[in-house]
Amino acid sequence: MADLKTAIDELVIANRILATEKVCDAFGHVSVRHPDDPTRFLLSRGRAPELIEASDIMQFTLTGETAAGTGKPYLERFIHGAIYEARPEAMAVVHSHSYSVVPFSVIGEKLRPIMHVCATIGADVSVWDPQAQFGDTDMLIGDMEQGRDLARALGPRTSVLMRGHGSTVAGGSLREAVYAAVMLEVNAQLQLKAQAFGPVTFLTPGEIEKVRARQNKGRPGEGFDRAWQYWLRHAGFKTDE
């Protein structure tokens with residue numbers, strides 16, 4: 001129970017961080033795999049991330065069925081369930097509509113790491129287009145069929161863009177997923193600015209691999225803790241160090 005309470009408390013903090021860092025506004029959501037039951041995940045009821053409290057957190061099966069908690073769930077909970085189903089090592093998922101990222105979902109230019117701290121987004125950021133399998137839709141992931149198709153487009157990567165919609169990232173921990181979601185937006189801002197002046201020199205795949213190895217060196221998630229502490233203060237929480 002202590003582990004579950006900690007997971008819920010950190011999930012609340014993650015929602016507040018993503019709102020403060022302008023990754024999520026009234027929309028978007030973050031989840032974490034249940035610490036005691038890998039066939040479930042924790043996700044708030046449908047509410048703006050900035051407003052979420054511990055009492056809002058619900059539990060869902062990997063197919064998006066409510067397992068515990070009350071309230072109207074997010075329609076797009078299937079994003080989370082499908083990724084947890086496909087990726088046993090994934091411990092957290094963030095879906096957002098951060099504004100600088102969206103342009104890269106509708107143009108031919110790929111979003112690629114431009115700065116060392118952004119290497120976590122991955123060397124290959126794919127774009128999922130629902131038109132390919134589902135034709136005209138309302139652009140939301142409203143069932144497991146679409147969720148699984150998105151999970152296939154994500155594959156083993158950290159990040160996937162969603163055409164005309166937003167992005168989704170998966171991480172081996174909640175802190176890693178939050179970090180990747182924030183840095184996806186930061187990288188998009190930097191890339192848009194740099195491209196206005198001419199060709200961009202991106203990080204090489206080898207550089208990205210070395211940065212990511214350093215970030216994960218030592219105890220799990222160690223490389224992401226400094227950013228987490230910084231964002232805690234931004235979001236109005238005391239640091240936990």
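> What is the right way to read the pairing of strand 3 (residues 57–61) from this model?
Strand residues, when the strand is regular, have side chains that alternate between the two faces of the sheet. Burial runs high along strand 3: 4 of the 5 residues are buried. Inspection of the sheet shows strand 2 (residues 40–44) paired to strand 3 by 5 bridges, in the antiparallel sense. Bridged to serine 44 within strand 3 is isoleucine 57. Once strand 3 ends, the chain turns through 4 residues before running back antiparallel as strand 4 (residues 66–68), passing glycine 64 with a positive phi of about 85 degrees.

> What am I meant to see in the nonpolar core here?
What tends to happen in soluble globular proteins is that the nonpolar side chains get buried as a cluster. Membership of the largest hydrophobic core comes to 65 residues, with the highest contact counts inside it found for Leu18, Leu42, Ile83, Leu174, Val178, Trp228 and Trp231. Beyond its immediate sequence surroundings of up to four residues, isoleucine 83 is in contact with Ala90, Val93, Ala151, Leu154, Thr168 and Ala170.

> What exactly am I supposed to notice about the pattern of salt bridges here?
Pairing between side chains of opposite charge can happen when their charged atoms approach one another. As enumerated under the stated definition, the model contains 12 salt bridges in all. Here arginine 40 ties to aspartate 37 by a salt bridge, and the two come within 3.7 Å at their closest N and O atoms. Using a relative accessible area of 24% as the deciding quantity, one classes aspartate 37 as partly exposed. Residues participating in the shared-partner salt-bridge network are Glu10, Arg175 and Asp225.

> Would you mind showing me how to read the sheet that holds strand 6 (residues 126–128) here?
Ordered in space as 4-3-2-1-5-8-7-6, the 8 strands form an open sheet in which the pairing is mixed. In this open sheet, the two edge strands, each paired with only one partner strand, are strand 4 and strand 6. Across the sheet, the axes of successive neighbouring strands diverge by a mean angle of 30 degrees, strand direction being ignored. Where strand 1 (residues 29–33) meets strand 2, 3 bridges bridge the pair, whose relative direction is antiparallel. In the strand pairing of strand 2, valine 32 is matched with leucine 42. Those strands touched by helix 4 (residues 144–154) are strand 6, strand 7 (159–162) and strand 8 (166–171), and its axis lies near 165 degrees from that of strand 6.

Cut-offs used in this document
- Residues numbered from 1 in each chain as written.
- Predicted model: local features only at pLDDT ≥ 70, side-chain atom pairs only at ≥ 80, totals over all residues.
- Heavy atoms only, no water.
- Buried < 20%, exposed > 50% of the residue type's maximum accessible area, 1.4 Å probe, protein only.
- Helix = DSSP H or I, 4+ residues; strand = E, 2+ residues; numbered from the N terminus.
- Pairing = 2+ DSSP bridges.
- Core = buried A, V, L, I, M, F, W, Y, C linked by side-chain atoms within 4.5 Å.
- Contact = heavy atoms within 4.5 Å.
- Salt bridge = Lys/Arg side-chain N within 4 Å of Asp/Glu carboxyl O.
- Axes fitted to C-alpha atoms, helices over the stretch in contact; angles between N-to-C directions.

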